[in-house]
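Residues per chain, in single letters:
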Amino acid sequence: MDIDLVLRRDWQARAPRGSYTQLDSTRGVKVHYTGGRVEPAIVSDHAGCVELVRSIQGYHMDGNGWIDIGYCVDEETEILTRQGWKRYRELEPGESVLTLNHETGASEWQGLLDVYVFPAGAREMVRMEGASHSSLTTPQHRWPVERRRRRTGTDRRKGRDGGPPAGRMPRAVTEHERLWVTTETMGYWDRVPLAAPCADLPTEAKWSDALVELVAWFWTEGHVKPLRGRATTSVAIYQSQKNPVYVARIREALTSVFGPPVPGFPRTGRSTDGVPRWRETVNRHLTEFHLSSDAGRRLLEMAPDRVPTFEFLLSLTRAQLSLFIETSLAADNNGKDKLAQKNRAGAEAFMFAVLLTGSAASLRRRSPTATCASDMWAVTIRRQQYFAPRAARKSASFRISREIYHGEIWCPRTANQTWLARRDGTVYFTGNSFVACPHRKVFEGRGLHHLPAANGPGLNAGHYAVLGLVGNAGLVQPPDAMLDAVLDAVQYVRDRGGAGKEIKGHRDGYSTDCPGDPLYAWIKRGAPRPGGGTTPPPPKGAPPFPGRLLKYPPVMEGEDVRTWQRQMAKRGYDLTVDGAYGARSRDVCREFQREQGVEDDGIVGPLTWRLAWEAPAADG
């Protein structure tokens, strides 16, 4: 295919401020326009096109803070991983983070594809702040929302005496719809999800319900008994005799896990006989359950230092998570749907369990009071699953404002284009490569295999970006030569950049006027070649990258693993197609990577995935 490509060096592009993110396959191309006035004179003056492209790059780099021609949160915003909440400097691509599948409404663990960090500088940011929500984001930040359709009709009933209607019955909401909005386009009825049921929870129990309940009693009401100043695995669980039902529950759980109680423990010195035991005593108003070192070790494996591990919580079924939460609340006895602990790590673990069930929660530090002399970390389970920022503006305690922010900004990239964020204790889900000019020339922007920045946060990995040099004033109707240039760029990224067959406008994925009505109308007609020509279909290649890195250890399972294994078996590798990415899959991956001349790390990322389908066979 012939393309009149103006390379970066030819239009004197500035060097990027950082490294590009690799992009090896996409669903296709998003078409953009400049969004401002474009002087019609550039149609007869190519030098004007060059100057305009330079000014666009300058705006993106200096105005937006992007690394090159091409959305984000502040430094205080955290993201939820399988190891708990993390700041952006602690993140590594590939680790699992909690995302929202906006089509199903369920949360999913996905591999972090990348983390973008932009340097500190004076930027305008949008703050939404109140008791139940805190966010500080760049303008036009993208949000997944659920919108209530307007209520329809009323049901008016006659009075008991048959007279006129005696008031109105509540009007029913017909349905909800899920869609994407920006901070600026968010409407009164738009609700941001605060939590969602996790679709990746185990369906088969690994532990008995009695053990899960014991861990809950232990981390809230337990104690690790020291022996002459050294740590031991002997533990105790205490419960007030004012709560005979709770005493009976603990006794029943201990019996189920460790057998009936014993009158005392055998004296074995520092060694043990390996038999877990427990005994029950009464000390004034307390019933004390003492566990031998062998029994205590079982509980400490799940909750070392009386803090439940995230690994343990992730291994629980949905019903067991609910049991763990209910028991913890009962033991803590801090009120309905509230828990308070001195140990922040324990409170964080409890909040993690709540979020996995699909309930929203907040974490706050509580100062000492007259009845409690120490700081406490309070977790509140919220019955509201959504938060409507525009509606909340009616309250004096919530505000939406703009301010100048001077710190670093950052954003993650996931396959679902969303992530669970936390700021100030509140939790919520939040979620141009080539330029064509009217002389049928194509300016190289970020170039092939480089992630664009123009499609919108979370959307850049799905499509390359091609910009037509028309605006919303002046030159708004794209000349035929420009349409040809756009299609030349499309075919170029298909042939050499792994782009898929889609050609869409910026507004198809993001709430914007881009690429302007005339250019968008052409896209909706199928992007035909001027003069009746057509754009050749894209070559067949790899299926879309699944969005998570396949690696071992631990063993990863799923249909994406099975798909890759099936393809490697077709290529002649001795590999069982079982959907489990273990040691053999890793070794095959390394062998294949060495054959292709790429880093042999044994991880199936976007590049290795694409090569599995598109690289020539070893025998030629």
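Thresholds applied
Residues numbered from 1 in each chain as written. Predicted model: local features only at pLDDT ≥ 70, side-chain atom pairs only at ≥ 80, totals over all residues. Heavy atoms only, no water. Core = buried A, V, L, I, M, F, W, Y, C linked by side-chain atoms within 4.5 Å. Buried < 20%, exposed > 50% of the residue type's maximum accessible area, 1.4 Å probe, protein only. Contact = heavy atoms within 4.5 Å. Pairing = 2+ DSSP bridges. Helix = DSSP H or I, 4+ residues; strand = E, 2+ residues; numbered from the N terminus. Axes fitted to C-alpha atoms, helices over the stretch in contact; angles between N-to-C directions. Parallel < 35°, antiparallel > 145°, perpendicular 65-115°, else oblique. Left-handed = near helix turned anticlockwise from the far one by under 90°. Nonpolar A, V, L, I, M, F, W, Y, C, P; charged D, E, K, R; others polar. Expected span 1.5 Å × (residues − 1). Polar contact = N/O pair within 3.5 Å; in protein donor to acceptor, adjacent residues only side chain to side chain. pLDDT = per-residue confidence, 0-100. Phe/Tyr/Trp six-rings, centres within 6.5 Å; stacked < 30°, edge-to-face > 60°. Lys NZ or Arg CZ within 6 Å of the ring centre and 35° of its normal. Salt bridge = Lys/Arg side-chain N within 4 Å of Asp/Glu carboxyl O.

## Let's talk about the nonpolar core
Logical step 1: Ranked by size, the top nonpolar core spans 87 residues in total, and within it Leu-299, Phe-324 and Phe-350 carry the most contacts.
Logical step 2: Dropping the residues within four chain positions of it, Phe-324 is found in contact with Val-212, Val-215, Ala-216, Trp-219, Pro-308, Leu-313, Leu-316, Phe-350 and Ala-353.
Logical step 3: Within the second largest apolar cluster, 28 residues are counted, among which are Val-38, Leu-475, Trp-522 and Ile-523.

## A short note on the sheet that holds strand β23 (residues 386-387)
Logical step 1: In spatial order, the strands read β14-β11-β15-β23; together these four strands make up an open sheet with antiparallel pairing. With one partner strand each, in any of the chains shown, β14 (176-182) and β23 form the two edges of the open sheet.
Logical step 2: For strand β15 (residues 190-193) and β23, the ladder comprises two bridges, and the chain directions are antiparallel. Residue pairing in the sheet places Val-192 in a bridge with Phe-387 of β23.

## Some thoughts on the environment of Thr-232
Logical step 1: Turning to its location among the elements, Thr-232 is positioned in the loop between β16 (222-224) and β17 (235-240).
Logical step 2: Judged by its relative accessible area of 17%, Thr-232 falls in the buried class.
Logical step 3: Thr-232 sits 61 residues away from Ser-293 along the chain, and the two C-alpha atoms are 7.1 Å apart.

## So, the pairing of strand β11 (residues 142-148)
Logical step 1: When you tally the buried positions in β11, you get five out of seven residues, the bulk of the element.
Logical step 2: Where β11 meets β14, seven bridges bridge the pair, whose relative direction is antiparallel. Opposite Trp-143, over in β14, you have Val-181 as the bridge partner.
Logical step 3: Where β11 meets β15, two bridges bridge the pair, whose relative direction is antiparallel. By the bridge assignment, Arg-147 is partnered in β15 with Asp-190.

## Re the packing of helix α2 (residues 209-221) against helix α3 (residues 244-258)
Logical step 1: Direction vectors running N to C along α2 and α3 enclose 130 degrees, while the axes themselves pass 9 Å from each other. Judged on the interaxial angle alone, α3 and α2 are oblique. The two elements α2 and α3 cross, and the hand of that crossing is left-handed. For the pair α2 and α3, the contacting residues are Ala-210, Leu-211, Glu-213, Leu-214 and Trp-217 in the first and Tyr-246, Arg-249, Ile-250, Ala-253, Leu-254, Ser-256, Val-257 and Phe-258 in the second.
Logical step 2: Residue composition of the contact of α2 with α3, by class: 10 nonpolar, one polar and two charged.

## With respect to helix α7 (residues 344-357)
Logical step 1: For α7, spanning 14 residues, the distance from its first C-alpha to its last is 20 Å, which sits close to the expected 20 Å at 1.5 Å a residue.
Logical step 2: Among the 14 residues in α7, 12 count as buried, and that is most of the element.
Logical step 3: Measuring from the backbone nitrogen of Ala-345 back to the side-chain oxygen at the start of α7 gives 3.0 Å, which picks out Asn-343 as the cap.
Logical step 4: Once α7 finishes, Gly-358 follows within two positions and takes phi at roughly 100 degrees, a positive value.

## Re the packing of α2 against helix α4 (residues 293-302)
Logical step 1: Between α2 and α4, whose axes approach to 10 Å, the crossing angle comes to 80 degrees. The orientation of α2 relative to α4 falls into the category roughly perpendicular. Of the residues in α4, those in contact with Leu-211, Leu-214, Val-215 and Phe-218 of α2 are Arg-298, Leu-299, Leu-300 and Met-302.

## Overview of the confidence of the model for the protein chain
Logical step 1: Per-residue pLDDT for the protein chain averages 82, and the proportion of residues at 70 or more is 82%.
Logical step 2: Considering only residues more than four positions removed or in separate chains, one finds that residues 534-539, a stretch of pLDDT under 50, has 14 contacts.

## Regarding the packing of aromatic side chains
Logical step 1: Here the structure, examined in full by the defined rule, presents 14 aromatic pairs.
Logical step 2: Between Trp-217 and Tyr-246 the ring centres are 5.5 Å apart and the planes differ by 55 degrees, which places this aromatic pair in the tilted class. Placement of Trp-217 in helix α2 and of Tyr-246 in helix α3 is noted, with a sequence separation of 29 residues between them.
Logical step 3: An aromatic cluster is defined as three or more aromatic residues linked by ring pairs; in this entry it consists of Tyr-88, Trp-410 and Trp-419.
Logical step 4: Positioned above the aromatic ring of Tyr-386, the side-chain terminus of Arg-191 is 4.3 Å from the ring centre.
Logical step 5: Across the ring face of Phe-265, the terminal group of Arg-279 is positioned such that the distance to the ring centre comes to 5.4 Å.

## Some thoughts on unusual backbone geometry
Logical step 1: The residue after Tyr-552, namely Pro-553, is reached through a cis peptide bond having omega -5 degrees.
Logical step 2: Along the chain, Pro-553 falls in the loop between α10 (517-524) and β33 (556-557).
Logical step 3: Across the junction of Pro-553 and Pro-554, the peptide omega takes the value -10 degrees, indicating a cis bond.
Logical step 4: Tracing the sequence through the fold places Pro-554 in the loop between α10 and β33.
Logical step 5: Non-glycine residue Asn-333 carries a positive phi angle of around 55 degrees.
Logical step 6: In this fold, Asn-333 is placed in the loop between α6 (318-332) and β20 (338-341).
Logical step 7: Although it is not a glycine, Ala-527 sits at a positive phi angle of roughly 50 degrees.

## Quick look at the side chain of Gln-341
Logical step 1: Counting through the fold element by element, Gln-341 comes out in strand β20.
Logical step 2: Only 2.8 Å separates the side chain of Gln-341 from the side chain of Asp-332, close enough to count as a polar contact.
Logical step 3: Sequence-distant contacts of Gln-341, defined by excluding residues within four places in its chain, comprise Trp-219, Thr-220, Arg-306, Asp-332, Met-376 and Trp-377.

## Observations concerning the pattern of salt bridges
Logical step 1: Enumeration over the complete set of coordinates arrives at 30 salt bridges.
Logical step 2: Residue Glu-78 pairs with Arg-422 through a salt bridge whose shortest N-O separation is 2.9 Å. One end of the pair, Glu-78, is in strand β4 (residues 78-81); the other, Arg-422, is in strand β26 (residues 419-423), and 344 residues separate them in sequence. A single burial state applies to Glu-78 and to Arg-422, both of which are buried.
Logical step 3: Between Arg-344 and Glu-348 there is a salt bridge whose closest N-O contact spans 3.1 Å.

## Notes on the side chain of Gln-565
Logical step 1: Within the secondary structure, Gln-565 is located in helix α11 (residues 559-570).
Logical step 2: For Gln-565, the side chain forms a polar contact with the main-chain nitrogen of Asp-578, separated by 3.1 Å.
Logical step 3: Setting aside anything within four residues of it in sequence, one finds Gln-565 in contact with Leu-575, Thr-576, Val-577, Asp-578, Gly-579, Ala-580, Tyr-581 and Ser-585.

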